[in-house]
Amino acid sequence: MTKPAKSRRRFWRYLLRAMLAWFVITELLVLSLRWIPPITSAVMIERWIGARLHGDSRYRTDYHWVPWRAVSPWAPLAMVAGEDQTFPSNWGFDFGEIKDAIDAADHGARLRGASTITQQTAKNLFLWDGRSYVRKGIEAYFTVLLTLNLPKRRILTIYMNIAELGNGVFGVDAASRVNFAKPPSRLTPREAALLAATLPNPHIYHANRPSPYVLRRAAWIERQMRQLGGPSYLPK
């Protein structure tokens, strides 16, 4: 065997080993989330680094994990109603919504997001901000891992705990206390809808000082929660 051929074989052997190591590490990491709450997320780390780089030494991450039973059922329902109504039945991707977004873009509209709650959970946990194809590919990979390894309720529990709901405010527990001075177990349907209505941009929109847009979107989310049948719509 020639020297170039040996080099190619060595390269492919190392590449396969690296891919196998990547799969094993990421699979174990995602599988552990079935029982262990994440201590942080990529978004939390990115926001902290960004604040430090901009000289904001007062920035703090407000994050406290709460289990499903300690949260009003209206909070996860509001997130499902506002962000991903097919969540209980989809397999991590909403292909109908993706097709609609592409069709709208083909007709001149701005390409809108079509991410499911599982995709947003993958992005918030593991990835950086951005729109590159590499990032979307990694997001899809982690979305598949989450879908295959975790029950729907666990994915939703993680999402409502790590979702960014204000400047340095992550998760429904911190957001409930900052915006309404109460624990998440006491959230009303209206308050839950207001929190969910800020999710497009929690740095601009505020649940405790709602803009006309947030009020309109919260009202729409409340109607959707009723039409979905209330908390019984949530995954068991």
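Heads up: the structure comes first, above all this text.
Everything numeric here is computed off the predicted structure, so don't read it as measured data.

Asker: Explain the overall build of the chain residue by residue, including any values.
Answerer: For the chain, the helix and strand inventory stands at ten helices and three strands. From first element to last, N terminus to C terminus, the chain shows the α and β order α-α-β-α-α-α-α-α-β-β-α-α-α. Taking the principal axes of the C-alpha coordinates as reference, the chain spans close to 70 × 45 × 40 Å. Classification of the 236 residues of the chain by burial places 44% in the buried group. Here the chain displays about 13300 Å² of accessible surface, and carbon together with sulfur accounts for 61% of that area.

Asker: Tell me about the pattern of salt bridges, residues and numbers included.
Answerer: Between side chains of opposite charge, pairing is possible as soon as their charged atoms come close. Per the stated rule, a full pass over the model turns up eight salt bridges. In this structure, Glu164 and Arg47 form a salt bridge, with 2.9 Å as the shortest nitrogen-oxygen distance. Taken together, the positions of Glu164 in strand β2 (residues 164–166) and Arg47 in helix α2 (residues 42–53) put the pair 117 residues apart, joining distant regions of the chain. The exposure class of Glu164 is buried, given its relative accessible area of 12%. Among the salt bridges present, the one from Lys182 reaches Glu191, with a minimum N-O distance of 3.0 Å. Residue class for Lys182 comes out buried when judged on its relative accessible area of 12%.

Asker: With reference to specific residues and values, describe the nonpolar core.
Answerer: If you look at the biggest cluster of nonpolar residues, it comprises 54 residues, and the most contacted ones within it are Leu156, Val172 and Ile221. Apart from residues lying up to four places away in sequence, Val172 is in contact with Val66, Val71, Ala75, Met160, Asn161, Leu165, Pro184, Leu187 and Leu195.

Asker: Got a sec to walk through the packing of aromatic side chains? Specific residues and values, please.
Answerer: Summed over all chains, the structure comprises six aromatic pairs. Grouped by ring-pair contacts, the aromatic residues Trp22, Phe126, Tyr141 and Phe142 constitute a single cluster. The residue whose ring lies beneath Lys152 is Phe87, and the NZ or CZ to ring-centre distance is 4.4 Å.

Asker: Which residues make up the packing of helix α8 (residues 171–180) against helix α9 (residues 189–197), and what are the values?
Answerer: It is at 11 Å that the axes of α8 and α9 come closest, and there the two elements cross at 110°. Comparing the axis directions of α8 and α9 gives the class roughly perpendicular. Every residue of α9 that contacts α8 at Val172, Ala175, Ser176, Asn179 and Phe180 is listed here: Glu191, Leu194 and Leu195. For the contact of α8 with α9, the residue count by class is five nonpolar, two polar and one charged.

Asker: Would you mind going over a positive patch on the surface in detail, with residue names and values included?
Answerer: A surface patch of positive charge is lined by Lys6, Arg9, Arg10, Arg13 and Arg17. Topologically, Arg13 is positioned in helix α1 (residues 3–32). When its relative accessible area of 36% is taken as the criterion, Arg13 is described as partly exposed.

Asker: Run through the sheet that holds β2, naming residues and quoting values.
Answerer: Strand order across the open sheet formed by three strands is β1-β3-β2, with mixed pairing between neighbours. The strands lining the two open edges of the sheet, one partner per strand, are β1 (62–63) and β2. Where β1 and strand β3 (residues 169–170) come together, two bridges link them in parallel fashion. Residue pairing across strands places Asp62 opposite Val169, the latter belonging to β3.

Asker: Got a sec to walk through α8? Specific residues and values, please.
Answerer: Residues lying three or four places apart along an α-helix face the same way, a consequence of the helix completing one turn every 3.6 residues. Of all ten residues making up α8, eight are buried, and the element is well covered by its neighbours. Within the span of α8, buried status applies to Gly171, Val172, Asp173, Ala174, Ala175, Ser176, Asn179 and Phe180. Looking at the buried positions of α8, the neighbouring elements they touch are β1, α3 (74–83), α7 (152–162), β2, β3 and α9. In the segment just after α8, Ala181 is the residue with positive phi, at about 55°.

The rules behind these values
- Residues numbered from 1 in each chain as written.
- Predicted model: local features only at pLDDT ≥ 70, side-chain atom pairs only at ≥ 80, totals over all residues.
- Heavy atoms only, no water.
- Helix = DSSP H or I, 4+ residues; strand = E, 2+ residues; numbered from the N terminus.
- Buried < 20%, exposed > 50% of the residue type's maximum accessible area, 1.4 Å probe, protein only.
- Areas by Shrake-Rupley, 256 points an atom, 1.4 Å probe, with all protein chains shown as cover.
- Salt bridge = Lys/Arg side-chain N within 4 Å of Asp/Glu carboxyl O.
- Core = buried A, V, L, I, M, F, W, Y, C linked by side-chain atoms within 4.5 Å.
- Contact = heavy atoms within 4.5 Å.
- Phe/Tyr/Trp six-rings, centres within 6.5 Å; stacked < 30°, edge-to-face > 60°.
- Lys NZ or Arg CZ within 6 Å of the ring centre and 35° of its normal.
- Axes fitted to C-alpha atoms, helices over the stretch in contact; angles between N-to-C directions.
- Parallel < 35°, antiparallel > 145°, perpendicular 65-115°, else oblique.
- Nonpolar A, V, L, I, M, F, W, Y, C, P; charged D, E, K, R; others polar.
- Patch = residues over 30% accessible without salt bridge, like charges linked within 9 Å, V, L, I, M, F, W, Y side chains within 5 Å.
- Lys, Arg positive; Asp, Glu negative; His and termini not counted.
- Charge placed at Lys NZ, Arg CZ, Asp CG, Glu CD.
- Pairing = 2+ DSSP bridges.

Nothing here speaks to function; it is geometry throughout.
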